[in-house]
Amino acid sequence: MEHRRPLIAGNWKMNLNLERALKLAGEIKEGLSDDIEVAIFPPFPFLFEVKRVISGSPIKLGAQNIYHEDEGAFTGEVSPIMIKDICEYVILGHSERRLYFKEDDNMVNRKVRKALEHGIKPILCVGERLEDRKEGRAFEVIKSQLEGSLRDIDASITIAYEPVWAIGTGVPARGEDALEAIKFIREVLGRDVRVLYGGSVNKDNIAQFVRYEEIDGALVGGASLRSEEFLGIVRRTAEVKGF
Ligand code: PGA
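On a predicted model such as this, the values are computed, not experimentally measured, just so you know.

Peer 1: Where do I start with a nonpolar patch on the surface in this structure?
Peer 2: A grouping of L99, Y100 and F101 is seen on the molecular surface, where their side chains present a nonpolar patch of about 370 Å² in accessible area. Mapped onto the elements of the fold, L99 is located in helix α4 (residues 95-100).

Peer 1: Which parts of the structure should I look at to understand the nonpolar core?
Peer 2: Residues I8, I40, V50, L150, I159, I185 and Y197 are the most contacted members of the largest nonpolar core, which totals 66 residues. Among the elements that line this core, the one with the most residues is helix α8 (residues 175-189), at 7 residues. Every residue in contact with L150, bar those within four places of it in the chain, is listed here: N109, V112, L124, Q145, I157, I159, L189 and R191. The next biggest cluster of nonpolar side chains, apart from the first, holds 11 residues, and it includes A39, F41, I91 and I123.

Peer 1: Is there a simple way to think about helix α7 (residues 138-149) in this case?
Peer 2: Residues separated by three or four positions in an α-helix point in the same direction, a consequence of the helix having 3.6 residues per turn. The first and last C-alpha atoms of α7 sit 16 Å apart over 12 residues, in line with the 16 Å expected at 1.5 Å per residue. Here α7 has its buried residues at A138, V141, I142, Q145, L146, G148 and S149. Those residues of α7 that are buried are in contact with α4, α5 (105-117), β5 (121-126), α6 (130-134), β6 (158-161) and α8.

Peer 1: Can you walk me through the layout of surface pockets in this structure?
Peer 2: If a probe as big as a water molecule is rolled over the atoms, it shows which places are left empty. A volume near 450 Å³ is recorded for the largest pocket. Contributing to the lining of the largest pocket are 17 residues, with K13, M14, Q64, R97 and F101 lying nearest its centre. Among the residues forming the lining of the largest pocket, the class breakdown is 8 nonpolar, 5 polar and 4 charged. Of the volumes computed, that of the second largest pocket is approximately 320 Å³. Elements that contribute at least two residues to the lining of the second largest pocket include exactly α4, β5 and α7. For the lining of the second largest pocket, the element with the highest residue contribution is α4, accounting for 3 residues.

Scoring rules and cut-offs
Residues numbered from 1 in each chain as written. Predicted model: local features only at pLDDT ≥ 70, side-chain atom pairs only at ≥ 80, totals over all residues. Heavy atoms only, no water. Patch = residues over 30% accessible without salt bridge, like charges linked within 9 Å, V, L, I, M, F, W, Y side chains within 5 Å. Areas by Shrake-Rupley, 256 points an atom, 1.4 Å probe, with all protein chains shown as cover. Salt bridge = Lys/Arg side-chain N within 4 Å of Asp/Glu carboxyl O. Helix = DSSP H or I, 4+ residues; strand = E, 2+ residues; numbered from the N terminus. Core = buried A, V, L, I, M, F, W, Y, C linked by side-chain atoms within 4.5 Å. Buried < 20%, exposed > 50% of the residue type's maximum accessible area, 1.4 Å probe, protein only. Contact = heavy atoms within 4.5 Å. Expected span 1.5 Å × (residues − 1). 1 Å grid on protein atoms, 1.4 Å probe; cavity = no way out; pocket = protein on both sides within 12 Å on 5 of 7 lines; lining within 4 Å. Points joined across faces, edges and corners; volume = space filled by probe spheres on them. Nonpolar A, V, L, I, M, F, W, Y, C, P; charged D, E, K, R; others polar.

Written out as C-alpha cells, the structure is:
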C-alpha cells in the first residue's frame, strides 16, 4: 500500500544556520541506504539550498508551515505557491503552532485545504496535552482536532499523533499508549490513512512504535538534528518493517 509506506520525517524546527543545515542534509544523503520514505523539514530560508544538496537522492523535502492564502498583504507569511515546486510535504497543526501562534482547528483546516489545492501533502498533527490526559479527555481532544482540522476534507492525508507532553521532553509515550491512540485515530477517520507517532523519538526507542502494524513511522524533532541519530531511526524502522 503506497499510501502507507513507512515514513520518517525530520522536523528541524527553528534550529541550525545555513552552513549546518547544508552539512546535515549532505550527511543524511550520504548515509541513507534504506528503502523507506524519508523527508526533512528545514526552516524556510534554507529550503532552496537544501533542495540542491539532496537532489539526486530519494529524500523528500517539506515545509514546517504555510499560510492559507495564495498572496497578499500578510507580512511575514509564506504562501504555498512559493514552495510548492520544491516541497512535497508540509507540517500543519503542530502543537507548537497551536500553542505559540494560536492556530486553531479552523485555521488548520484552511491550511490543509490550501496545501491540497496546490498539491502539497499535509502531515496533520494532533495530540492531547498532559492535563487532557490526566482528566481522561485525551481521546475527546484528538477527535475534535481531527474533525475540526479535516472538516469537509476526504483526501487521504498523513496524520501524526503527537501527545504534547511527549514533545521535546525526552519522555516518549509508551508504545501501547501510542498504539491505542492511533487505533482510535483510524477509527474516527474510518479510512486507511498513514499515521505516524511523534514525541521524543530516538534510534533506541523507535522500535517500540513501529513494531505495530498500525504505526507507519515517526515525526522526529530533536533527534533529526543529528545525522547519525536520524539515520539510526530510519535504519531501525526499515529493519522492523521488513524493508
Ligand atoms: P521531539 O519533537 O522529537 O523533539 O520530541 C517532535 C515534534 O515536535 O514533532
